[in-house]
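Reading the structure
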Amino acid sequence: MCHITQRSSTSSFPKIRSIFWRFHHTSTSHWCSCSKTISDEKYQDPFQLGKKDLKNLYEDIKKELLVSAAELKEMCDYYFDGKGKAFRPMIVVLMARACNIHHNNSKEVQASQRSVAIIAEMIHTASLVHDDVIDDANSRRGKRTLNQIWGERKAVLAGDFILSAASVALARIGNTTIISVLTQVIEDLVRGEFLQLGSKENENERFAHYLEKTFKKTASLIANSCKAVSILGCPDPKVHEIAYQYGKNVGIAFQLIDDVLDFTSCADHLGKPTAADLKLGLATGPVLFACRQFPEMNAMIMRRFSKPGDVERARKYVLQSDGVQQTTYLAQRYCHAATREIRKLRPSPEREALVHLTEMVLMRDK
């Protein structure tokens, strides 16, 4: 297996100039060889294990968003309705416990570590609000977006307000290192959005561009949140790197599967329209892999699927190619990398739950 992880969390995103060619020429007969189980060990259910620490999560977030303006409060409460799976906070509290146990066998999550989980969910939600404005999206999580109900201007302000409240909560932790780690997430979100607005002529550069964008827009939040709770729970820099690498690899895999589902899942099940990325002019993993078999897609990618019929043709090419399978296989490789990292920690139920989580990322259907 080729190495796809960074050597250091402070280094730039790895050069992946030849990754597209290597993955494309790996036999597709192997891509699903471990899609059902990553190992034969008995896993802990991550959602059950993290349930205790996530109790009243959304109520606590709403306390952070305490505001007198009725309309702004209604907007902020709209996505924090308690119906989400709290995927990111759950990873964060499990990582906190795993690192605490590794360091001194402490089985409790510190208040500051739980605050990181709350902040992560707030940053994530604010980014969704802003993304929906940029994309002029109509639906999110199976319901209308803020920008559709209240308009773009108010939606932008609501996203800004959630980010500002997250910043106040972050400052309250009182640790400058944690502040530095988590503010990197916000910088990456902005840089990732700019990367998404651009494209590359060269195919290998295009794939590296896509993976870097994926890291900044999706994986950075998980990676740096995991790193933050590891810093709060353990002084060992090696543990901080393990936490970061686990979060980075799981985050990239999560987005790769999300990009697959854009082609394979129905709109009602996914909670948003399918082929949404193509309609936005975005070439994701399945498209980039399909391009190897259908070179005529290159022109469509460069014009961002703007001509009539481009979206439908591109979707057809993807489904006729092995783009979905190859992207899924790539997600598997990132999940294997995450598993290798987290197994460096001392054994614990939380560590095994984080291993199981990589399998859940691969198997999810929405």
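Residues numbered from 1 in each chain as written. Predicted model: local features only at pLDDT ≥ 70, side-chain atom pairs only at ≥ 80, totals over all residues. Heavy atoms only, no water.

Another aspect to go through is a nonpolar patch on the surface. Together, V190, F194 and L197 make up an exposed nonpolar region whose accessible area comes to about 340 Å². By relative accessible area, V190 is classed as partly exposed at 47%. (Patch = residues over 30% accessible without salt bridge, like charges linked within 9 Å, V, L, I, M, F, W, Y side chains within 5 Å. Areas by Shrake-Rupley, 256 points an atom, 1.4 Å probe, with all protein chains shown as cover. Salt bridge = Lys/Arg side-chain N within 4 Å of Asp/Glu carboxyl O. Buried < 20%, exposed > 50% of the residue type's maximum accessible area, 1.4 Å probe, protein only.)

A complete count under the given rule lists two cavities of 30 Å³ or more for this structure. One number sums up the size of the largest cavity: a volume of about 170 Å³. Lining the largest cavity are 15 residues, with G198, S199, H209, L282 and A283 positioned closest to its centre. Mapped by element, the contributors of at least two residues to the lining of the largest cavity are helix 10 (176-197) and helix 11 (203-233). Here the lining of the largest cavity is composed, by residue class, of five nonpolar, six polar and four charged. (1 Å grid on protein atoms, 1.4 Å probe; cavity = no way out; pocket = protein on both sides within 12 Å on 5 of 7 lines; lining within 4 Å. Points joined across faces, edges and corners; volume = space filled by probe spheres on them. Helix = DSSP H or I, 4+ residues; strand = E, 2+ residues; numbered from the N terminus. Nonpolar A, V, L, I, M, F, W, Y, C, P; charged D, E, K, R; others polar.)

In this section: helix 12 (residues 237-264). For helix 12, with 28 residues, the first-to-last C-alpha span of 40 Å sits near the 40 Å given by 1.5 Å per residue. Of all 28 residues making up helix 12, 25 are buried, and the element is well covered by its neighbours. Here helix 12 starts with a cap whose side-chain oxygen sits 2.9 Å from the backbone nitrogen of K238, and that cap is D236. (Expected span 1.5 Å × (residues − 1). Polar contact = N/O pair within 3.5 Å; in protein donor to acceptor, adjacent residues only side chain to side chain.)

Looking now at the packing of aromatic side chains. For the coordinates displayed, the defined rule picks out seven aromatic pairs. One aromatic cluster in this structure is built from Y78, Y79 and W150. The ring centre of F254 lies 5.3 Å from the NZ or CZ of R88, which sits over that ring. Above the face of the F254 ring, R364 is positioned so that its terminal group lies 3.8 Å from the ring centre. (Phe/Tyr/Trp six-rings, centres within 6.5 Å; stacked < 30°, edge-to-face > 60°. Lys NZ or Arg CZ within 6 Å of the ring centre and 35° of its normal.)

For the coordinates displayed, the defined rule picks out zero disulfides. This cysteine, C99, is not joined by any disulfide, and C234 carries the nearest cysteine sulfur, 6.6 Å off. Judged by its relative accessible area of 4%, C234 is buried. (Disulfide = S-S within 2.5 Å.)

Positive phi is not limited to glycine here, since N56 has a value of about 65 degrees. In this fold, N56 is placed in the loop between helix 3 (51-54) and helix 4 (57-64). Of note, the phi angle at R304 is positive, near 55 degrees, even though the residue is not glycine. When you line up the elements, R304 lands in the loop between helix 16 (297-302) and helix 17 (310-320). By relative accessible area, which is 26% here, R304 ends up partly exposed.

This brings us to helix 11. For helix 11, with 31 residues, the first-to-last C-alpha span of 42 Å sits near the 45 Å given by 1.5 Å per residue. Considering bend angle alone, the principal kink of helix 11 is centred on A219 and spans about 60 degrees. The buried fraction of helix 11 is high, at 27 of 31 residues. (Bend = angle between axes of the 7 residues up to and from the residue.)

To continue, consider the packing of helix 11 against helix 15 (residues 285-293). Angle between the axes and distance between the axes are the two parameters that describe a pair of packed helices. Following both chains from N to C, one finds helix 11 and helix 15 inclined at 165 degrees, their axes separated by 10 Å at the closest point. As summarised for this structure, helix 11 and helix 15 are arranged roughly antiparallel, according to the angle between their axes. With respect to the hand of their crossing, helix 11 and helix 15 are arranged in left-handed fashion. Contacts between helix 11 and helix 15 pair E203, R206, F207 and Y210 from the former with G285, L288, F289, C291 and R292 from the latter. Partitioning the contact of helix 11 with helix 15 into residue classes produces five nonpolar, one polar and three charged. (Axes fitted to C-alpha atoms, helices over the stretch in contact; angles between N-to-C directions. Parallel < 35°, antiparallel > 145°, perpendicular 65-115°, else oblique. Left-handed = near helix turned anticlockwise from the far one by under 90°. Contact = heavy atoms within 4.5 Å.)

On average, residues of the protein chain carry a pLDDT of 86, and 86% of them reach 70 or more. Per-element mean pLDDT across the protein chain ranges from 41 in helix 1 (residues 19-24) up to 98 in helix 18 (residues 323-342). (pLDDT = per-residue confidence, 0-100.)

Scanning all chains against the criterion turns up 18 salt bridges. As a salt-bridge pair, R114 and D60 come within 2.8 Å of each other at their nearest N and O atoms. Residue R114 is found in helix 7 (residues 111-135), and its partner D60 is found in helix 4; the two are separated by 54 residues along the sequence. For E187, the salt bridge goes to R191, with nearest N and O atoms at 2.8 Å. Highlighted residues: E187 and R191, both in helix 10, separated by four residues, approximately one helical turn. A cluster of three or more residues bridged by salt bridges with shared partners is formed by D60, K63 and R114.

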